[in-house]
2 protein chains.
Amino acid sequence: MNYLTKYRSILIYGLSLAAALFLMKWLEWRFLILNHAFEIYAGIIALLFTGLGIWLAMKLSTPKIKIITIEKELAAEKTFVLNNKALNETGVSARELEVLELMADGLSNQEIAERLFVSLSTIKTHSSNLFFKLEVQRRTQAIEKAKRMELIA
Amino acid sequence: MNYLTKYRSILIYGLSLAAALFLMKWLEWRFLILNHAFEIYAGIIALLFTGLGIWLAMKLSTPKIKIITIEKELAAEKTFVLNNKALNETGVSARELEVLELMADGLSNQEIAERLFVSLSTIKTHSSNLFFKLEVQRRTQAIEKAKRMELIA
DNA sequence: CCTAAAATCAAACTAAAGTATGAGAGGCTG
DNA sequence: CAGCCTCTCATACTTTAGTTTGATTTTAGG
């Protein structure tokens with residue numbers, strides 16, 4: 001109780017000083033704000049529009065997965081080219097290739113003969129020549145090798 | 001010659017008028033610029049930073065090629081699952097699958113027998129049971145079907 | 001037009017592949 | 001532990017595959 005009355009003036013003075021200082025500081029801050037209002041505003045605009053730009057780019061950018069489909073198409077072409085190249089290199093004839101494809105489908109020589117309207121002998125001859133050209137002994141090997149060489153699918 | 005001296009005053013007057021008008025227009029434009037200097041500046045900033053945002057997005061967007069590798073990994077897992085699933089469905093045993101794989105590599109029954117250290121009879125029994133389970137008649141058909149079912153690679 | 005390659009066929013083999021049946025040794029499970 | 005499945009093997013047989021030789025007919029190219 002006593003202290004309060006005793007040092008009231010000092011207290012008031014101190015409080016006033018504190019308030020004044022606070023006011024000054026606040027005014028200084030206000031001044032800073034006002035003085036740099038343009039820069040701050042410009043900064044906000046810059047930030048906002050950078051965000052807008054990013055959003056736009058995300059929204060409008062075409063997905064990059066299209067590359068895959070292009071590769072697939074190229075692979076198809078490549079297969080065709082390799083087909084011809086391998087055919088020329090091995091010397092496998094068109095008819096022999098037909099027989100080879102049916103072999104790969106699991107048909108027997110008899111079934112292939114019926115499918116191509118020729119005799120069993122003919123298919124045996126074809127396959128024998130085929131094995132020689134592919135340097136294999138069995139039809140299973142021929143199928144395996146032909147697939148590796150991309151002669152057949 | 002005559003015309004020039006005759007209408008000099010008119011010409012001068014006209015030119016003065018034109019200059020004045022031009023000056024006014026120019027001043028008006030200047031005024032416009034000055035009056036809207038902030039908006040123009042803000043607009044330029046907006047444009048520039050929108051561009052920056054787009055550039056940033058383009059530059060920093062992660063390439064989507066990673067998805068491909070993920071798909072491949074998933075495919076590998078899927079194959080494993082399908083393998084087991086198909087194995088259970090067809091009832092093909094582990095040993096029969098071994099024989100099947102060697103068949104697909106083009107080996108003869110004799111070669112398979114030697115590779116697995118068992119007799120030719122055993123391989124014949126295995127393959128016969130295999131064909132029954134796969135509902136096929138020949139090894140070539142078995143290979144073809146097993147690959148379609150993803151029992152083998 | 002003529003020739004070389006490709007396609008066709010046949011016959012007589014040999015070598016694989018595939019079927020059918022039976023049987024023994026282990027291993028897992030109810 | 002009995003029953004079932006897998007793996008193993010054998011024997012005897014049928015069917016398919018593959019080779020060899022030789023021949024005729026198309027077909028495409030110089």
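Our subject is the structure that appears above.
Definitions and limits used
- Residues numbered from 1 in each chain as written.
- Chains lettered and ligands numbered in written order.
- Predicted model: local features only at pLDDT ≥ 70, side-chain atom pairs only at ≥ 80, totals over all residues.
- Heavy atoms only, no water.
- Near = heavy atom within 4 Å.
- Polar contact = N/O pair within 3.5 Å; in protein donor to acceptor, adjacent residues only side chain to side chain.
- Helix = DSSP H or I, 4+ residues; strand = E, 2+ residues; numbered from the N terminus.
- Buried < 20%, exposed > 50% of the residue type's maximum accessible area, 1.4 Å probe, protein only.
- Salt bridge = Lys/Arg side-chain N within 4 Å of Asp/Glu carboxyl O.
- Axes fitted to C-alpha atoms, helices over the stretch in contact; angles between N-to-C directions.
- Parallel < 35°, antiparallel > 145°, perpendicular 65-115°, else oblique.
- Left-handed = near helix turned anticlockwise from the far one by under 90°.
- Contact = heavy atoms within 4.5 Å.
- Nonpolar A, V, L, I, M, F, W, Y, C, P; charged D, E, K, R; others polar.

Visitor: Could you clarify how one ought to interpret the protein's contact with DNA strand C in this entry?
Guide: Every one of the 18 residues lining DNA strand C counts as a neighbour, but Ser93, Val118 and Ser119 of chain A together with Lys124 and Arg139 of chain B are closest to it. If you look at DNA strand C and keep only atoms within 4 Å of the protein, 73% of those are sugar or phosphate atoms. Threonine 122 of chain A is positioned such that a nitrogen or oxygen atom in its side chain is 2.8 Å from a phosphate oxygen of DNA strand C. Histidine 126 of chain A has a polar side-chain atom sitting 2.8 Å from a phosphate oxygen of DNA strand C. Among the elements of the structure, helix 5 (94-104) and helix 7 (120-134) of chain A together with helix 7 (120-134) of chain B are those that each provide at least two residues to the surface near DNA strand C.

Visitor: Where do I start with the environment of glycine 106 of chain A in this structure?
Guide: Residues and elements named next belong to chain A. Relative to the assigned elements, glycine 106 resides in the loop between helix 5 and helix 6 (109-116). On the basis of relative accessibility, which here comes to 0%, the residue glycine 106 falls in the buried class. Along the backbone, glycine 106 and arginine 139 are 33 residues apart, and their C-alpha atoms lie at a distance of 9.9 Å.

Visitor: What is the right way to read the protein's contact with DNA strand D from this model?
Guide: Close to DNA strand D lie 18 residues; Lys124, Ser128 and Arg139 of chain A together with Ser93 and Thr122 of chain B are nearest. Between DNA strand D and histidine 126 of chain B, the relevant distance is 2.9 Å, taken from a phosphate oxygen to a side-chain nitrogen or oxygen of the residue. Secondary-structure elements contributing two or more residues to the surface near DNA strand D are helix 7 of chain A together with helix 5 (94-104) and helix 7 of chain B. The element best represented in the surface near DNA strand D is helix 7 of chain B, accounting for 4 residues.

Visitor: Would you explain the pattern of salt bridges in this entry?
Guide: Think of it this way: side chains of opposite charge can pair up when their charged atoms draw near. Residues and elements named next belong to chain A. For the structure on display, the rule yields 9 salt bridges over all chains. Linking arginine 148 and glutamate 144 is a salt bridge whose minimum nitrogen-to-oxygen distance equals 3.2 Å. Of the two residues, arginine 148 and glutamate 144 both sit in helix 8 (residues 139-148), 4 residues apart, roughly one turn of that helix. Of the residues examined, arginine 148 reaches a relative accessible area of 59% and is grouped as exposed.

Visitor: Help me out: how do you make sense of the packing of helix 6 of chain A against helix 7 of chain A in this one?
Guide: Helix packing geometry: the angle between the two helix axes and the distance between the axes. All names here are of chain A. Between helix 6 and helix 7, whose axes approach to 8 Å, the crossing angle comes to 110 degrees. The angle between helix 6 and helix 7 falls in the class roughly perpendicular. The chirality of how helix 6 crosses helix 7 is right-handed. Residues Asn109, Gln110, Ile112, Ala113 and Leu116 of helix 6 pack against Leu120, Ile123 and Lys124 of helix 7. A class-by-class count of the residues in the contact of helix 6 with helix 7 yields 5 nonpolar, 2 polar and 1 charged.

Visitor: Before we go on, may I ask you to explain the side chain of threonine 90 of chain B in this structure?
Guide: All names here are of chain B. Summarising the element assignment, threonine 90 is placed in helix 4 (residues 66-90). In terms of polar contacts, threonine 90 uses its side chain to reach the backbone amide nitrogen of valine 92, at 3.5 Å. If we ignore the near neighbours within four places in the chain, the residues touching threonine 90 are Lys133, Leu134 and Met149.

Visitor: Please clarify how unusual backbone geometry should be interpreted in this entry.
Guide: Backbone phi values are negative for most residues with the exception of glycine, while trans is the configuration of most peptide bonds. Residues and elements named next belong to chain B. Positive phi outside glycine occurs at phenylalanine 117, with the angle close to 60 degrees. Its location among the elements puts phenylalanine 117 in the loop between helix 6 (109-116) and helix 7. Despite not being glycine, glutamate 135 has its phi angle at roughly 60 degrees, a positive value. Relative to the helices and strands, glutamate 135 is located in the loop between helix 7 and helix 8 (139-148). Under the relative-accessibility criterion, glutamate 135 is labelled exposed at 64%.

Visitor: Could you clarify how one ought to interpret the side chain of glutamine 141 of chain A in this entry?
Guide: Locating glutamine 141 of chain A in the fold gives a position in helix 8. Here glutamine 141 of chain A falls in the buried class, since its relative accessible area comes to 15%. Polar side-chain contacts of glutamine 141 of chain A include one of 3.0 Å to the backbone nitrogen of glutamine 137 of chain A. If near-sequence neighbours (up to four positions away) are discounted, glutamine 141 of chain A is found in contact with Val136 of chain A together with Gly106 of chain B.

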